[in-house]
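As a plain string of letters, each chain reads:
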Amino acid sequence: MMVCFGTLAGMYALLGAPIVAAAQVLIYLGAISVLILFAIMLTQAGDANLPRPFHPQVWVAGLVALIIVGLIGYAVTQTDWHAAVAVTAISVETIATALFTDYALPFEILSLLLLVAIIGAIYLARRPEDDEGAN
Amino acid sequence: MGLQGYLLVSAILFGIGAFGFMARRNAILMLISIELMLNAVNLSLVAFNAYGPPGSPAGAIFALLVMAVAAAEATVGLALVIAIIRTRKTAEVDQYADLKE
Amino acid sequence: MQLIDLAPLLPELILVFLVLAIITVDLFLPRNGKWILTALTVSGLVLVGAACIPVWGVNDRIFEGFYVVDDLSVFFKAATVVIGILAALFAPSYLAQRRMPLGEFNTILIFSLIGMFVLASSADLITLFIGLELMVMPAYLMTAFHKTDRYSNEGGLKYFLLGSFASAILLFGISWTYGLTGSTRIEGMGALAHAAGPAGILAIGLLTVGATFKAAAVPFHFWTPDAYQGAPTPITGFLSVGPKLGAFALLVRLFAEGLGPMSADWYAVMAILAVATMTGGNIVALTQTNVKRMLAYSSIAHTGYILAGLAAFAHAVDPDIRAQGIESILFYVLGYGVMNMAAFAVVGMLQRDPRRFGGLGGFAGLAGRAPWLAAGMAILLLSLTGIPPTVGFFAKLYVLIATVDAGVAWLAVAIALNAALAAFYYLRVIVYMYMRDPEDQPAPIDRSPVGIAALAISVVAVLALGLFPEPVLAFLQASVASLF
Amino acid sequence: MSDLPILSLVVFSPLIGVLALVLVPRDNHRAMRWIALLAALASFGFSLALLGYNTGGAEFQYREDLSWIPAFGMRYTLGVDGLSVVLVLLTTVLSVVSIFYSWDPIRVRVKEYYAAMLLLMVGMLGVFVSLDLFLFYVFWEISLIPMYLIIGIWGGPRRIYATVKFVIYTLVGSLLMLVAILAVAIAHASAGHPFTFSYETLRGFGYADGLQALAFVAFFLAFAIKVPMWPFHTWLPDAHVEAPTAGSIILAGVLLKLGGYGFLRYSLPLLPDAAVSFAPIVIALAVIAVLYGAMVSMVQPDLKKLIAYSSVSHMGFVTLGAFVFNVQGLQGAIFQMISHGITTGALFLLVGVIYERTHDRAIAHMGGLNARMPQYAAIFGLFTFASIGLPGLSGFIGEFLVLLGAFQYSGWVAAATMLVVIMSAVYMLWMFQRIFFSVPSDWMRRWWPSLKDMSRNEWLALAPLIVLVVALGVFPGPVLDAISGPVDRIIEAIESSQGLTSFSLPW
């Protein structure tokens, strides 16, 4: 998983979006992966050997996934991407300026989203006994 | 490797994510699968941006925002997993079958 | 940026301040003073509703075109406020009995309302997506709100996983739309028509799957019953209505506004989804013996009726008739919102004893034990069935008019037959309330004055809007006019 | 006088009664009974004003017209012609009778009971006086729910099955009718006219053949289920058997008439071409209903079921008369509705009388009642004869006119229905003989000491019906006068139509 996230960062860099690549490293490699690892350690302390890693209908899932990939692949190859000529690099400044001018609103809303995620996560993850006592 | 190449990689990544989501029955692994799908989206966004009309950073910025959304999702998701493990002691979704008739 | 630019955002700003106020006040309130939070929330929401009035008629795009404050969005916001107020009134008593904190509930609720506001006003796919996430993220949290309850946890996790999955699909569709049109503006989506061929179809297909997933249409509905049954009952009421309102705001924005010019291409898909959804929801609801679960499945059926309005929009050519399709969606969403929340609230009132799960047995003989409550529930159930003179009837009528007018009478017949089918299970609850004797140990009834008052208001509204829908209709037609 | 909204008063005075009932304390049954009776009497009193209907005047009189939901052209339009007047009077009379009769038998949930009865009145009366298709539909549905509750709460042991069956049957029909109403109104509007549901405006419009055929089928389903026609009748015996006595009276006396009224008011004038083309199949179904109802009645062991099936047969006459499209047939159909309302209502009431005493309705259990209850036997005899169609009583006029009409249409149809007249005499008289003159069964002897003849209240309840059944039999003139105008208009509409021309139906 982490390898995959890391490779993607490389691709972003190739695509001329270094800031996205940096963010990828920071957020995915740095935060999300650690979070997930942490959760895995928390949850699988007891039963290390899982009886069935896969769902019984794994073949159905595989088929559906293959169809999805096939369809998208077909769409990719059949479309004439005439505009697709060159990689246009996007400078950090462009993104930064845009983010705080044109894209200010989505950015602000996003901050609300993060806020509620934090509030909710704290509420859920806090131990139940604390409900009544703490506040 | 051109736009098509990136898009194909993104498609495969999306497919793997979807497969993982449908096939795996562990809540955390399902969450990881969703993260993979979001990454596929990001890759396609950045690729579209790079090969699209020059000068507009929409795709790249969208990708940044999606990353933040993904982080929020991961936070909430893991909090949910922790809460449910408190009451059930397992992360296997198959065993969460109380909500049936 | 001058302050005056923010005037059209007044309702949103009040909401944000409200949520901050609640978080702050919650810290300083003693444990027996939490009722102030409800008062604060409700009065704040009333203020938000009032703030919607000056925004009416603005019809402006702000924030470099990311955000549109048109009359359509104002209608959605007003409906959101109504739903929010009802949720804030129905929940406290239920939550208090189960020792769930009111402060966090109100906070999360309002965050979700903000998400719905953003969704309703999105003029750009980026805003749309983030608004959607802001709406559903709190919804996941609310489902799992009863964190010591395994059902609640389970419902929340399942809702979260499938919801995120749907978000990812929708997002992939958005990404392709961006790639094909070179823009993230919703009004630019019509350009997908020029990018015909597999890629355009793929983008529309992904958007359809993602959006109908959120609206809980068959065959993407399987998350609803688990999420709805698991959630604390008054929250289920909100979930079956609020995110649905948001999902239809999303559908209207994406399909009517964005993909409207090419509606002939997706009409058939929408019509088939509508019929499958109403029939599927009804058939499964028929077999349920648990009222909460029955209402959950029936909410799928109602989604089907609303989708029929969208299909009518898609099939019509005349702009007036197209507008009628959208109007029917809005009226249905509003009417359904009030009646369904109230019906769930009644189920919640019968769960005073936390071991009760809303089974039919709890309703047995209710007419003898609590005649007013039973009468109110009966009116709500008749409204859900679609019997005049109730808002549920008029909502169905509106969809029927839209479909017949658009020349898809077969869809109208499907709705009519489904409504008769639905009568089976809605009336079954009336049978239990009025025609059976109570159980040996009947479920204790929660008679919190706030909840009862909110219920009374809802029932009166259900009847009043059914008899005299004219004021809402005028509002509705004006707001849809801003879309065309 | 003319500016008083008589029709609104007739329709909504029971509703005021409902509101008054709400305020009465739960255990004061006496006050509830009086309030209900007074509300019904008030409605009846106002409806008497309709006797001033001018048969030579405008088609619809006592009109009221208010804007309701202008966005869709829905209006609150009321008005009556002769057909409505007689049915409104029938409804108010039977409602008063059944509410008065319920005084003794209904002892549980009294408040809800009378509220349901009064609400039922509102719905039924509203159907008869609406001149707006949408308003008509609203009243039509409003009449459904109270009956559902009346059967479901105060009914017999299998009441829930019966009442759900009743609702679902009716609802399927009426929802399809709603779609048809919308289709008709929208077809009219899309021809460039303003959106309206007004009956008078929509009536004259020439609808496309395909629409007429489909709309006719939808309307027909709704009305045929209500009438009820074979093969849509199966809910009726169940509903009657389980309903409380007053419920049966209203069900047989008025609710079935909603279907007949629907044929005459909507199916024929609104969609004349389809009506002409579909007439043969409707007549065939009606003849089957007439025959089938009579034959099944013969073998019924339960008194109520017997009368219920005889209703299927009698109401078949109504449909038959309506669709032979001549003056005698239509007049006979309307008269038969009135007469059936009175006689069957009375018969159900009489069944209720014996049921109150013995809690049983099995014909085999009874016998020799003439000895203990001579007055009862006499009244029962009177209505049995009226039901058979003995000349001099109301039943005769209706059946005779329908037969005349049917004869003009086809000798075979007339012959088949003639047969039924004899059959109905057989089963009704046989039933009468078994109940009143055969040797009393052992079972009946057990009740012997407690069998009292008709009480004063029962007499009072029956008195108006006795008067009417005789009066209409001897002087049918006023009713026939009142309905001649509407009948002529229907004939006019039918005669100017060509039937469906663009495609031919396979018969």
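Draft legend 1. Region of interest: the overall build of chain D. When helices and strands are tallied, chain D shows 21 helices and 2 strands. Compactness check: chain D gives a C-alpha radius of gyration of 22 Å against a globular reference of 23 Å for 507 residues, within 12% of the reference. Taken over the C-alpha atoms alone, chain D extends approximately 75 × 55 × 40 Å along its principal axes. Nonlocal contacts in chain D, meaning residues at least 24 apart in sequence, comprise 81% of its contacts between residues at least 6 apart. For chain D, the exposed surface amounts to about 16,600 Å²; the carbon and sulfur share of it is 68%. Of the side chains in chain D, 26 bear a positive and 26 a negative charge, and the two mean positions are spaced by 13 Å.

Draft legend 2. Fine view of the packing of aromatic side chains. What the rule picks out here adds up to 62 aromatic pairs over all chains. Seen in terms of ring centroids, Phe394(C) and Phe72(D) are 6.3 Å apart; in terms of plane orientation they differ by 45°. Their pairing is tilted. A residue pair is termed interchain when its members come from two chains, as with Phe394(C) in helix 16 (residues 391–405) and Phe72(D) in the loop between strand 1 (61–69) and strand 2 (74–80). Side by side, Phe394(C) and Phe72(D) carry an identical accessibility label, which is buried. Seen from their ring centres, Phe205(D) and Tyr207(D) are 4.9 Å apart, and the 65° between their planes marks the pair as edge-to-face. You can call Phe205(D) partly exposed: its relative accessible area is 21%. Sitting over the face of the ring of Phe66(C), Arg185(C) holds its NZ or CZ atom 4.7 Å from the ring centroid.

Draft legend 3. Focus on the pairing of strand 1 of chain D. All names here are of chain D. Two strands pair when backbone bridges link them, and strand 1 and strand 2 are joined in this way by 6 bridges, in the antiparallel orientation. Bridging across to strand 2, Gln-61 finds its partner in Val-80. In this structure, the hairpin formed by strand 1 and strand 2 is closed by a connection of 4 residues, where Gly-73 is found at a positive phi of approximately 65°.

Draft legend 4. Layout of the pattern of salt bridges. Applying the stated criterion across every chain yields a total of 16 salt bridges over all chains. In this structure, Arg63(D) engages Glu200(D) in a salt bridge whose closest nitrogen and oxygen atoms are separated by 2.6 Å. Separated by 137 residues along the polypeptide, Arg63(D) in strand 1 and Glu200(D) in helix 8 (residues 199–203) bring together distant segments of the chain. With a relative accessible area of 39%, Arg63(D) lands in the partly exposed category. Relative accessible area serves as the criterion here: at 27%, Glu200(D) is assigned to the partly exposed category. Taken together, the shared-partner salt bridges in this structure form one network comprising Glu154(C), Lys158(C), Asp226(C) and Arg293(C).

Draft legend 5. Here's a closer look at the nonpolar core. Counting residues in each nonpolar core, the largest one holds 512 residues, and the members touching the most others are Trp176(C), Phe363(C), Met433(C) and Phe219(D). The element contributing the most residues to this core is helix 3 (residues 58–88) of chain B, with 22 residues. Both domain 1 (1–43) and domain 2 (89–127) of chain A contribute no fewer than three residues apiece to this core.

Draft legend 6. Representation of the interface of chain B and chain A in the model. In this complex, chain B contributes 60 residues to the contact, which on the side of chain A involves 65 residues. Across the chain B to chain A interface the summed buried area is about 5,500 Å²; carbon plus sulfur atoms make up 80%. The largest per-residue losses of area from chain B upon contact with chain A belong to Tyr51(B), Met67(B) and Arg86(B), which jointly make up 10% of the total buried on that side. Summed over the shared surface of chain B and chain A, the number is 0 salt bridges. For the side of chain B that touches chain A, the elements supplying multiple residues, two or more each, are helix 1 (2–23), helix 2 (27–51) and helix 3 of chain B. Of all the elements, helix 3 of chain B adds the most residues to the side of chain B that touches chain A, at 23 residues. Broken down by class, the residue content of the side of chain B that touches chain A amounts to 47 nonpolar, 7 polar and 6 charged.

Draft legend 7. Expanded view of the interface of chain C and chain A. Facing the 34 residues of chain C at the interface are 28 residues of chain A. Both faces considered, chain C and chain A share a buried interface measuring about 3,000 Å² in area, 81% of it formed by carbon and sulfur atoms. Joining chain C to chain A, the criterion identifies 2 residue pairs in polar contact (both at pLDDT 80 or more). Listing elements by their share of the side of chain C that touches chain A, those giving two or more residues are helix 1 (10–28), helix 4 (102–121), helix 5 (125–143), helix 6 (150–181) and helix 7 (198–215) of chain C. Residue contributions to the side of chain C that touches chain A peak at 8 residues, all from helix 5 of chain C.

Draft legend 8. Quick peek at the environment of Ala227(C). Residues and elements named next belong to chain C. The topology assignment puts Ala-227 in helix 8 (residues 223–230). As a C-alpha pair, Ala-227 and Phe-28 span 199 residues in sequence and 33 Å in three-dimensional space. The residues contacting Ala-227, other than those within four sequence positions of it, are Thr-143, Gly-155 and Tyr-159.

Draft legend 9. Looking closely at the packing of helix 10 (residues 235–242) of chain D against helix 13 (residues 303–323) of chain D. All names here are of chain D. Where helix 10 contacts helix 13, the two axes come as close as 9 Å, and the packing angle between them is 140°. The way helix 10 lies across helix 13 gives a crossing that is right-handed. Between helix 10 and helix 13, the residues in contact are Leu-236, Pro-237, His-240 and Val-241 and Lys-304, Lys-305, Ala-308, Tyr-309, Ser-311 and Val-312, respectively. Class assignment of the residues belonging to the contact of helix 10 with helix 13 gives a composition of 6 nonpolar, 2 polar and 2 charged.

Draft legend 10. Highlighting the confidence of the model for chain C. Within chain C, residue pLDDT values average 86, and 98% of them lie at 70 or more. When pLDDT is averaged over each helix and strand of chain C, the minimum, 78, is found for strand 1 (residues 60–62) of chain C and the maximum, 91, for helix 15 (residues 371–385) of chain C.

Draft legend 11. Up close: the arrangement of the chains. Summarising the chain contacts, 4 pairs of chains touch, and the pair with the most contacts is chains A and B. In this view chain A stays clear of chain D, with the nearest C-alpha atoms of the two still 38 Å from each other. Separated throughout, chain B and chain D approach each other most closely at a C-alpha pair spaced 25 Å apart.

Draft legend 12. Structural detail: the confidence of the model for chain D. Residue and element names in this part refer to chain D. On average, residues of chain D carry a pLDDT of 86, and 98% of them reach 70 or more. Mean pLDDT in chain D bottoms out at helix 19 (residues 442–447), which sits at 76, and peaks at helix 5 (residues 133–142), which reaches 91. Among the scores for the predicted complex, ipTM is 0.86 and pTM is 0.90.

Draft legend 13. Focus on unusual backbone geometry. Following Pro388(C), the chain continues into Pro389(C) via a peptide bond in cis, with omega recorded as -5°. Secondary-structure assignment places Pro389(C) in the loop between helix 15 and helix 16. Positioned with a positive phi, Tyr62(D) is a non-glycine residue whose angle comes to about 55°. Unusually for a residue other than glycine, Phe325(D) sits at a positive phi of about 60°. Structurally, Phe325(D) can be placed in the loop between helix 13 and helix 14 (327–358).

Draft legend 14. Region of the structure containing helix 16 of chain C. Residue and element names in this part refer to chain C. If you check helix 16, its first and last C-alpha atoms are 21 Å apart, about what 15 residues at 1.5 Å a residue would give, namely 21 Å. Counting buried residues along helix 16, 15 of its 15 residues qualify, which places the element largely inside the surrounding structure. Among the residues trailing helix 16, Gly-407 stands out with phi positive, at a value near 85°.

Draft legend 15. A look at the environment of Thr92(D). Residue and element names in this part refer to chain D. Topologically, Thr-92 is positioned in helix 3 (residues 82–101). Sequence separation of Thr-92 and Ile-334 is 242 residues, and the distance between their C-alpha atoms is 17 Å. Excluding its chain neighbours within four sequence positions, the residues that come into contact with Thr-92 are Val-10, Ser-43, Phe-44, Ser-47, Met-121 and Leu-125.

Draft legend 16. Fine view of helix 1 of chain C. Residues and elements named next belong to chain C. Helix length check: helix 1 (19 residues) gives 27 Å between terminal C-alpha atoms against 27 Å at 1.5 Å per residue, within 8%. Residues of helix 1 that are buried include every one of Pro-11, Glu-12, Ile-14, Leu-15, Leu-18, Val-19, Ile-22 and Asp-26, and no others. Projected onto a plane normal to the axis of helix 1, the buried residues spread over an arc of 155° and lie on a single side. Facing away from the buried surface of helix 1 by more than 90 degrees, the exposed residues are Phe-17, Leu-27 and Phe-28.

Basis of the calculations
Residues numbered from 1 in each chain as written. Chains lettered and ligands numbered in written order. Predicted model: local features only at pLDDT ≥ 70, side-chain atom pairs only at ≥ 80, totals over all residues. Heavy atoms only, no water. Helix = DSSP H or I, 4+ residues; strand = E, 2+ residues; numbered from the N terminus. Rg over C-alpha atoms; globule rule 2.2 N^0.38 Å. Contact = heavy atoms within 4.5 Å. Areas by Shrake-Rupley, 256 points an atom, 1.4 Å probe, with all protein chains shown as cover. Lys, Arg positive; Asp, Glu negative; His and termini not counted. Charge placed at Lys NZ, Arg CZ, Asp CG, Glu CD. Phe/Tyr/Trp six-rings, centres within 6.5 Å; stacked < 30°, edge-to-face > 60°. Buried < 20%, exposed > 50% of the residue type's maximum accessible area, 1.4 Å probe, protein only. Lys NZ or Arg CZ within 6 Å of the ring centre and 35° of its normal. Pairing = 2+ DSSP bridges. Salt bridge = Lys/Arg side-chain N within 4 Å of Asp/Glu carboxyl O. Core = buried A, V, L, I, M, F, W, Y, C linked by side-chain atoms within 4.5 Å. Domains from an automatic or database assignment. Buried area = accessible area lost by both parts, 1.4 Å probe. Nonpolar A, V, L, I, M, F, W, Y, C, P; charged D, E, K, R; others polar. Polar contact = N/O pair within 3.5 Å; in protein donor to acceptor, adjacent residues only side chain to side chain. Axes fitted to C-alpha atoms, helices over the stretch in contact; angles between N-to-C directions. Left-handed = near helix turned anticlockwise from the far one by under 90°. pLDDT = per-residue confidence, 0-100. Expected span 1.5 Å × (residues − 1). Arc of directions from axis to C-beta.

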